[in-house]
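# Analysis of the macromolecular model
Given next are the chains, with one letter for each unit.
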Amino acid sequence: MDKYKLIIFETNKKEGCMSLAKHLYPPNITEEEIKKRLELVKNRIGKKYDFDGNHILQPSQKDVEKNINYPDGAYIKVDPQKLTKEDYWYEKLPCDILLITKEYPNIVIGHRMADCPVIIAEDVEKQVTAVSHCGASQINRLVPSYTIKALLESENSNPKNIHVYIGSCIKKESYQYDKYPKWATNQEIWKECISNKNNTYYIDLIKAIKNQLIQVGILNSNIKISPIDTYVNQEYYSHVKYIKGEEKDRGQNFVGCFYRKV
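Residues numbered from 1 in each chain as written. Predicted model: local features only at pLDDT ≥ 70, side-chain atom pairs only at ≥ 80, totals over all residues. Heavy atoms only, no water.

### With respect to the overall build of the protein
Rule in force here: Helix numbers and strand numbers start at the N terminus; a helix is a DSSP run of H or I with at least 4 residues, a strand a run of E with at least 2. Between the two quantities, the radius of gyration covers C-alpha atoms and the globule rule is 2.2 Å times the number of residues to the power 0.38. Contact between two residues is taken to exist if any of their heavy atoms lie within 4.5 Å; hydrogens are not considered. As used throughout, the charge tally considers Lys and Arg to be positive and Asp and Glu to be negative, leaving His and the chain termini uncounted. Taken as the charge centre is NZ of Lys, CZ of Arg, CG of Asp or CD of Glu, depending on the residue.
Within the protein one finds six helices and 13 strands. For 262 residues, the compact-globule estimate of 2.2 N^0.38 gives 18 Å, and the protein sits close to it at 18 Å. Considering only contacts in the protein between residues 6 or more positions apart, those separated by 24 or more positions represent 70%. Charge separation in the protein, taken as the distance between the mean sites of 39 positive and 34 negative side-chain charges, equals 3 Å.

### Thoughts on the pairing of strand S7 (residues 128-133)
The following threshold applies: Exposed residues in this analysis have more than 50% of their type's maximum accessible area, buried residues have under 20%, and partly exposed residues fall in between, with area computed by a 1.4 Å probe over protein chains only. Whether two strands pair comes down to DSSP finding at least two bridges between them.
By the criterion of burial, S7 is predominantly enclosed, with six of the six residues buried. Of the two faces of S7, the one lined by Val 128, Ala 130 and Ser 132 and the one lined by Thr 129, Val 131 and His 133 are each fully buried. Looking at chain direction, strand S6 (residues 118-123) and S7 are connected through six bridges and run antiparallel. Paired with Asp 123 across the strands is Val 128, a residue of S7.

### Observations concerning the pairing of strand S1 (residues 4-11)
Burial of S1 is extensive: six of the eight residues sit out of reach of the surface. Where S1 meets strand S13 (residues 253-261), eight bridges bridge the pair, whose relative direction is antiparallel. By the bridge assignment, Ile 7 is partnered in S13 with Phe 258.

### Notes on the pattern of salt bridges
Cut-off, in case you're wondering: Counted as salt bridges are all cases of a side-chain nitrogen of Lys or Arg within 4 Å of a carboxyl oxygen of Asp or Glu.
Within the structure shown, the criterion is met by 15 salt bridges. Linking Arg 37 and Glu 33 is a salt bridge whose minimum nitrogen-to-oxygen distance equals 3.6 Å. You can see Arg 37 and its partner Glu 33 sitting in helix H1 (residues 31-49), four residues apart, about one turn around the helix. Between Glu 65 and Lys 92 there is a salt bridge, with the nearest N and O atoms lying 3.0 Å from each other.

### Quick notes on the nonpolar core
We apply this condition: Here, nonpolar core refers to any group of buried Ala, Val, Leu, Ile, Met, Phe, Trp, Tyr and Cys residues whose side-chain atoms link them within 4.5 Å.
Ranked by internal contacts, the top residues of the largest apolar core, which has 37 residues, are Val 164, Trp 190 and Leu 213. Counting residues per element, this core draws most heavily on helix H5 (residues 205-215), at five residues. Those residues in contact with Val 164 that sit more than four places away from it in its chain are Ile 119, Ile 120, Ala 121, Ile 148, Leu 213, Ile 218, Asn 222, Ile 223 and Lys 224. Judged by nonpolar contacts, the second largest core, of 24 residues, contains Leu 98, Ile 107, Val 255 and Tyr 259.

### Notes on the packing of aromatic side chains
Here is the rule: Pairing of aromatic rings covers Phe, Tyr and the six-membered ring of Trp, with a centre-to-centre limit of 6.5 Å; geometry is then stacked below 30 degrees between planes, edge-to-face above 60, and tilted otherwise.
The final tally for this structure, using the stated rule, is 10 aromatic pairs. Geometrically, the ring pair formed by Phe 9 and Phe 51 is tilted, given 5.7 Å between the ring centres and 35° between the ring planes. Of this pair, Phe 9 sits in strand S1 while Phe 51 sits in the loop between H1 and strand S2 (56-57), and the two are 42 residues apart along the sequence. Across the pair, Phe 51 and Phe 9 agree in class, each one buried. Relative to Trp 183, the ring of Tyr 177 has its centre 5.9 Å away and its plane inclined at 80°; by these criteria the two rings are edge-to-face.

### So, unusual backbone geometry
One non-glycine residue, Asn 28, adopts positive backbone phi at about 70°. Taking relative accessible area as the criterion, Asn 28 reaches 76% and is therefore assigned exposed. Within the chain, Asp 50 stands out as a residue other than glycine whose phi angle is a positive 65°. Its location among the elements puts Asp 50 in the loop between H1 and S2.

### Here's the deal with the environment of Trp 183
Definition in use: Under this definition, polar contacts are N or O atom pairs within 3.5 Å; protein pairs additionally need one hydrogen-donor-capable and one acceptor-capable atom, and for neighbouring residues in sequence, both atoms have to be side-chain atoms.
With respect to the helices and strands, the residue Trp 183 is situated in the loop between strand S9 (176-177) and helix H4 (187-190). Separated by 40 residues in sequence, Trp 183 and Val 143 place their C-alpha atoms 14 Å apart. The contacts of Trp 183, once residues within four sequence positions are left out, are Ala 136, Ser 137, Asn 140, Tyr 175, Tyr 177, Trp 190 and Ile 203. At a separation of 2.9 Å, a polar atom in the side chain of Trp 183 contacts the side chain of Tyr 177.

Now the structure itself:
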């Protein structure tokens, strides 16, 4: 019987900007040139990790992209036979969560980011993986817990068999507001995850995610957290750092995964 292993990876400034967003590039650059630059970056990553750079999928998320709508927690299970684009980057998959099985090795699911956590949850017994982008707005509407529920509903997974990776992101010490954030409308989620010290509000995205994961049955020992703070680490693009004028490079990283035949 063939065996498969889930490969998790992250990109940063070394690989280049993983986005088509025009505001992340120099002024007066054409859309065609942006596409060419992104293609070079994707091919560079594909060569590094041994997959086709055209086979990278991500959700079209309603908090991130315009004119997208669906019920909170919507998920799509990847089926390559239903994909229509030669370059998967241009597929429109309106959902919060993408799932993929070991039956489709070397197809990447993930999400671009520049401070927000991306979570990767694998049912290690059935070898099915779910991915979601979980920034503050998504945490506020329970996307971390929906990510696990997608596996429970789609695969009848046992939560104790699910291992979760929380990708590199901005950490509590770095994520500061001068007032209580407007997006934090779900008081129950944020009551232990936003603290006020000397009129500075510190946002703990990791704790808010972990709380949701544990509530839906994920074992604490099965949660792995990247220690990298994107605000502090010079190799990662950071939106907050750029907005504060402390960073000249503007772009997006990518956190993703794929199954590889062993």
